[in-house]
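Per-entry structural report
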Amino acid sequence: MAEAASAERQMKRTLNAFDLTCIGIGAIIGTGIFALIGTAIAGQTFPTRLETPILNFIQAWLSGADVILGRAGAGPAVAISLFVAALACGFAALCYAELASMIPVSGSAYTYSYATLGEIIAWIIGWDLILEYAVGNMAVAVGWSGYFVKLCGSLFGLKFPIWAVNDYRTASDLIAKGGDTLKDFSSTTLPIIAGHPIALNFPALVIVAAVTVLLIYGIRESAKTNTMIVIIKVAVVVFFISFGAFMVHPTNWHPYVPNGFAGVMSGAAIIFFAFIGFDAVSTTAEETKNPRRDMPIGIIASLIICTLLYVLMGTVLAGIKKYTVYLGDPAAAATAFASKPWAEALISAGALAGMTSVLLVFQLGQPRIFMAMARDGLLPQYFARIHPRFRTPYVTTIWTGVVVGGVAMLVDIGSLSDLTNIGTLFAFILVCVGVAVLRRTDAGRPRPFRVPLVPLFPIVGVLLCFVLMLSLPVLTWIRFFVWLGIGLLIYFLYSVRHSKLRRGIDTGITEDIPPPLIKT
């Protein structure tokens, strides 16, 4: 905290509780609810065991039945799935709120783990958070591009060459598939450079670049932009609920739980992606006027508001059409209004606004985590620089924008939502553990916000998050462990030797004032 307050590191404090709540809503309402709710309702089928959730193997072992290669949909009970996912997030949010009020410093779960569980755990969680913010944002940017192209075609009749709005793999698949889909493009041939066909997703790159420039310019301007977008997309969600309520056929809610408890839990694991992001509020602690009071308000209020909207939206969506209609549909919210083109266009515009604010908030969060890691010496000091005029972490913001935009332009990684989920759930588990540990190791420290019933609530949070992790595919777990292995390799090859804590220069008033030498 003393380090963050030093003159050369100080950031501009301009955010209040309302701004933080809007940042939380901006991160939560986006790709998940607009793109994944159909999958949570109807379920998924997989061709191999590697893509099958671990929970399926556990159920098969307990029952003696064959392993089901897929995830059962929640059906009309998606409202319960949303509530279960929100409950897991709720216990984690309480723990985030306590730590954010105690340690009002940028870095989110990384900083909290550093202060409570030690440096190596902090490195693991910091490396892990890249899955939530940077990798998640790559998928969001690709999704944003798809909705942008669709909206340009439906509203203005504007078409783009297939090679300019898709990565190579997606463009090749669309061309090979043929059919009516190709009518959405002005050209369906790929240019050849040096003997290789080329396809680049330029809209994904452009939106990431625009968001990066805005974030460098200032947190106040970024927050105002986010607030305007949040108002638009919340209005669209409220429109969906109120207008869609008149289109509901109660018979579509029967049977309410077609696939039992397993369907509800698998639906919760899929739709969990819709809730990640409230923790991005904690990355703006050093830019908040009164972080001890406003951080808990922003974290908890944004989660409560989004949970209420999500449950109502899921209930209405499952009542408009039979739940099986949404199988494999990446735009279920728009499909529900397919009979009313003007409403479908409005929902698509809301989805576009939702993804824009998610991009903005996640691009805001990731650089601040890198900055916090660099301050501790775990990354080069170059990444800890603050812009002298705008007081933003411009170096990490630029590099995050370059990597996210570049990958989103070249690669189709929409399927990485599961990898984002497991990374986020692991972060939530460590934050819950951190609260319980700190209550024992530093019980006397002032806590402006306190989690009730410790250690019960943190333990429940850990268990719920772990069950949701078990509902993710085997392949996701393999990728997760490979990712952690790469992170540990970097830690032992670079970070251990440059760590300020290990070199004894992060124990004074600030990291720039080393403690006096002890003569022996």
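Residues numbered from 1 in each chain as written. Predicted model: local features only at pLDDT ≥ 70, side-chain atom pairs only at ≥ 80, totals over all residues. Heavy atoms only, no water.

Description of the side chain of Ser495
- When you line up the elements, Ser495 lands in helix H18 (residues 474–498).
- Looking at Ser495, the relative accessible area reads 0%, which means it is buried.
- Excluding residues within four positions of it along the chain, Ser495 makes contact with Trp123, Gly377, Leu378 and Ile490. (Helix = DSSP H or I, 4+ residues; strand = E, 2+ residues; numbered from the N terminus. Buried < 20%, exposed > 50% of the residue type's maximum accessible area, 1.4 Å probe, protein only. Contact = heavy atoms within 4.5 Å.)

Here we look at the confidence of the model for the protein chain
- In this model, the protein chain carries a mean pLDDT of 82, and residues with pLDDT of at least 70 account for 91%.
- Residue range residues 507–520 is modelled with pLDDT below 50. Its contacts to residues more than four positions away, or to other chains, number 16 contacts. (pLDDT = per-residue confidence, 0-100.)

Things to note about the side chain of Lys500
- Relative to the helices and strands, Lys500 resides in the segment after H18.
- A polar atom in the side chain of Lys500 sits 3.5 Å from the side chain of Gln381. (Polar contact = N/O pair within 3.5 Å; in protein donor to acceptor, adjacent residues only side chain to side chain.)

Looking at helix H7 (residues 119–156)
- With 38 residues, H7 should cover 56 Å at 1.5 Å per step; its first-to-last C-alpha distance of 53 Å lies within 8% of that length.
- At Gly136, H7 shows its largest kink, close to 30°.
- Positive backbone phi, at 65°, marks Gly157, one or two positions downstream of H7. (Expected span 1.5 Å × (residues − 1). Bend = angle between axes of the 7 residues up to and from the residue.)

Notes on unusual backbone geometry
- Backbone torsion omega between His254 and Pro255 reads -5°, so that peptide bond is classified as cis.
- When you line up the elements, Pro255 lands in the loop between helix H10 (219–244) and helix H11 (260–271).
- Residue Pro455 is bonded to the preceding Val454 through a cis peptide linkage, with omega at 10°.
- Looking at where Pro455 falls in the secondary structure, it is placed in the loop between helix H16 (417–441) and helix H17 (456–470).
- A positive phi is found at Ala194, a non-glycine position, where the angle reads about 55°.
- As for its placement among the helices and strands, Ala194 is situated in the loop between strand S5 (192–193) and strand S6 (196–197).
- The phi torsion at Leu453 lies on the positive side, around 55°, for a residue other than glycine.
- In this structure Leu453 comes out as exposed when scored by relative accessible area, which is 54%.

A few points about the nonpolar core
- Judged by nonpolar contacts, the single largest core of 143 residues is most densely connected at Ile29, Phe34, Tyr96, Tyr110, Phe240 and Phe278.
- Per-element accounting of this core gives the leading share, 18 residues, to H7.
- Within the second largest apolar cluster, nine residues are counted, among which are Val149, Ile162, Leu182 and Leu190. (Core = buried A, V, L, I, M, F, W, Y, C linked by side-chain atoms within 4.5 Å.)

Description of the packing of aromatic side chains
- Taken as a whole and judged by the stated rule, the model has 23 aromatic pairs.
- On the basis of an interplanar angle of 90° and a centroid distance of 5.1 Å, the ring pair of Phe91 and Phe457 is categorised as edge-to-face. With Phe91 in helix H5 (residues 78–102) and Phe457 in helix H17, the pair connects residues that are 366 residues apart, well separated along the chain.
- A relative accessible area of 15% means that Phe91 is categorised as buried.
- Plain terms: the ring middles of Phe480 and Phe481 are 5.9 Å apart, the flat faces sit at 50° to each other, and that makes the pair tilted.
- Overall, the relative accessible area of 2% leaves Phe480 in the buried class.
- One aromatic cluster is present, formed by Trp123, Trp127, Trp483, Tyr491 and Phe492 through successive ring pairs. (Phe/Tyr/Trp six-rings, centres within 6.5 Å; stacked < 30°, edge-to-face > 60°.)

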